[in-house]
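# Structure at a glance
In case you want the letters, here they are:
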Amino acid sequence: MLRARGPGPGAPLLRAALGLGRRGRSWQRPQGQDTGVQVHNSLTGRKEPLIVARSDAVSWYSCGPTVYDHAHLGHACSYVRFDIIRRVLTRVFGCNVVMAMSITDVDDKIIKRANEMNVSPASLASLFEEEFKQDMAALKVLPPTVYLRVTENIPQIIAFIKGIIAHGHAYSTAAGSVYFDLHARGDKYGKLVNTVPSATAEPAGDSDKRHSSDFALWKAAKPQEVFWASPWGDGRPGWHIECSTMASEVFGSHLDIHTGGIDLAFPHHENEIAQSEVFHQCQQWGNYFLHSGHLHVKGTEEKMSKSLKNYITIKDFLQTFSPDVFRLFCLRTNYRSAIEYSDSTLVEAKGLLLGLASFVEDARAYVKGQLTCGPVEEDVLWERLTSTKKAVKAALANDFDTPRAVNTILDLVHHANRQLRAVSKEASGPRSPTVFGAIISYVEQFFETVGISLANQQCVSGDSSTVTLRCVVDELVRFRLKVRQYALDTPGAAGEARKRQLQERQPLLEACDTLRQDLVTHGINVKDRGSATSTWELLDPRTRHQKPGDRG
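Residues numbered from 1 in each chain as written. Predicted model: local features only at pLDDT ≥ 70, side-chain atom pairs only at ≥ 80, totals over all residues. Heavy atoms only, no water.

Per an unreviewed UniProt entry, the protein chain carries the name Probable cysteine--tRNA ligase, mitochondrial and comes from Mus caroli. Word for word, the UniProt comment on the protein chain under Subcellular location (unreviewed entry) is "Mitochondrion". Under the Cofactor (unreviewed entry) heading, UniProt states for the protein chain: "Zn(2+)". (UniProt positions renumbered as here; feature names shortened; annotations may be inferred.)

Take a look at the structure:
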């Protein structure tokens, strides 16, 4: 039996993250369009009407992965749950979602793992980023509108830190680091938590912080680590500043929805709020924070995580169960609840899915005249179908109550199926194919809405060839970019000397252009965006042989 639990006896700060009593601060109800949905807002600890600035462009920021290892089911649970919510918002309540997701591709864990594998951090991050995207596709998670890599936003992050310093809420140190000054934030800090770290506690003896709870915006470079130049010295961004900057680059000073796992509520999301509200000088940066519960290993209070070494990779899982089974497993608990994972709960979900598919097959056979049964209580079924539609929409409008919605659908199927099971050898009395056709259409539509196909229950087997190919192309494009930059860079040269250097390096540029043109024939389009970066995309096979400017 699938069992949902509350947050459990975790750290006090995590327990408080979804509680009441936000240290006396009031939440400002947004101005805009009411979606018709009530959501549990972590900023208030209660359900609030979901009001967005524009229903045709709902701004949604999702904390994405730190790409240093394989993604596991704990990650998948959060992404699948929020994918379901996104689909419901779009297809049931008519919103058009603009979603941005971060990709943390430089981090302590990435650097450590890259050193262990004797590869560059960029190569490691590229490998696991592509694998993550393949895993999400295999789980049928819709891609965000845009992925945002940290390494592609370093100048913006530096500018964001400068803004926080200018507003008196951050300071640089002699060592070249920059910290957020929690003392300057005062009682405005702690919108997601009841208990706030002391802003005046003394730091450890070897720390260059003013206070122990101040957190890093910029980390001074360490030997043998990747770094970028900044006004405070060589270094790299802190974790929290990345999301504030990238979300602001896309959505500006106000954000409709921010999502992530409950473990991100503190300190990550709390620090994002502090940074963003200081930078934008606003009272409320994010209007709604939604947090998903953990995936627990059955019989323990432990969440599934790499650090506890109790995880199952997505690829390994998909060797046994289909993505639809996992999606139904997630649907049967509220997104905010912790779920206990076990093979028995997945087998139960698989059985339900097969039962639904069997009903649809039998009902379709009845509509086609291939299944005969006794008289059908048509009026009762029409009435139940109508009430089911109302109940399901009401459930989804109530903080995306998918367990109640699914149970309501299952109840409809149970009653309809019971009438189909009254099979007779010969048809007797009038047939009622239309009502069963309507039930089939509604049931399939509901499950299609949440990303489940009742027509196809096949497992998705892991295939690393596409991931490998993408990583090879990433490396090729990165190498070509370095050659281009060398050919175009003439530091210290001027006049005739610069002209001569460019002429000498012209063959390199020609080789880069030839490679770019040759890759087009293989369906790969490389775009040089100035001299700083190059990107690539797969071409549509139907148009890859067209010349620039050709029209199909």
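### A word on the nonpolar core
With 122 residues, the main nonpolar core has Tyr61, Phe326 and Phe447 as its most contacted residues. Here this core gets 10 residues from one element, more than from any other, and that element is helix 2 (residues 73-91). For this core, the two domains that each supply at least three residues are domain 1 (39-44 + 54-174 + 184-190 + 237-341) and domain 2 (349-450). Counting 8 residues, the second-largest nonpolar core is a separate cluster that includes Tyr68, Ala114, Leu124 and Phe128. (Core = buried A, V, L, I, M, F, W, Y, C linked by side-chain atoms within 4.5 Å. Buried < 20%, exposed > 50% of the residue type's maximum accessible area, 1.4 Å probe, protein only. Helix = DSSP H or I, 4+ residues; strand = E, 2+ residues; numbered from the N terminus. Domains from an automatic or database assignment.)

### Thoughts on the packing of aromatic side chains
In total, this model carries 15 aromatic pairs according to the counting rule given. Taking the centre distance of 5.0 Å and the plane angle of 10° together, the rings of Phe180 and Phe215 count as stacked. Of this pair, Phe180 sits in strand 8 (residues 178-180) while Phe215 sits in strand 9 (residues 215-220), placing them 35 residues apart in sequence. For Phe180, a relative accessible area of 0% puts it in the buried group. On the basis of relative accessible area, Phe215 is assigned to the buried category, the value being 8%. Directly above the aromatic system of Tyr366 lies the positively charged group of Arg431, at a separation of 4.7 Å from the ring centroid. Arg505 extends its terminal NZ or CZ atom over the ring of Tyr486, reaching a point 4.1 Å from the ring centre. (Phe/Tyr/Trp six-rings, centres within 6.5 Å; stacked < 30°, edge-to-face > 60°. Lys NZ or Arg CZ within 6 Å of the ring centre and 35° of its normal.)

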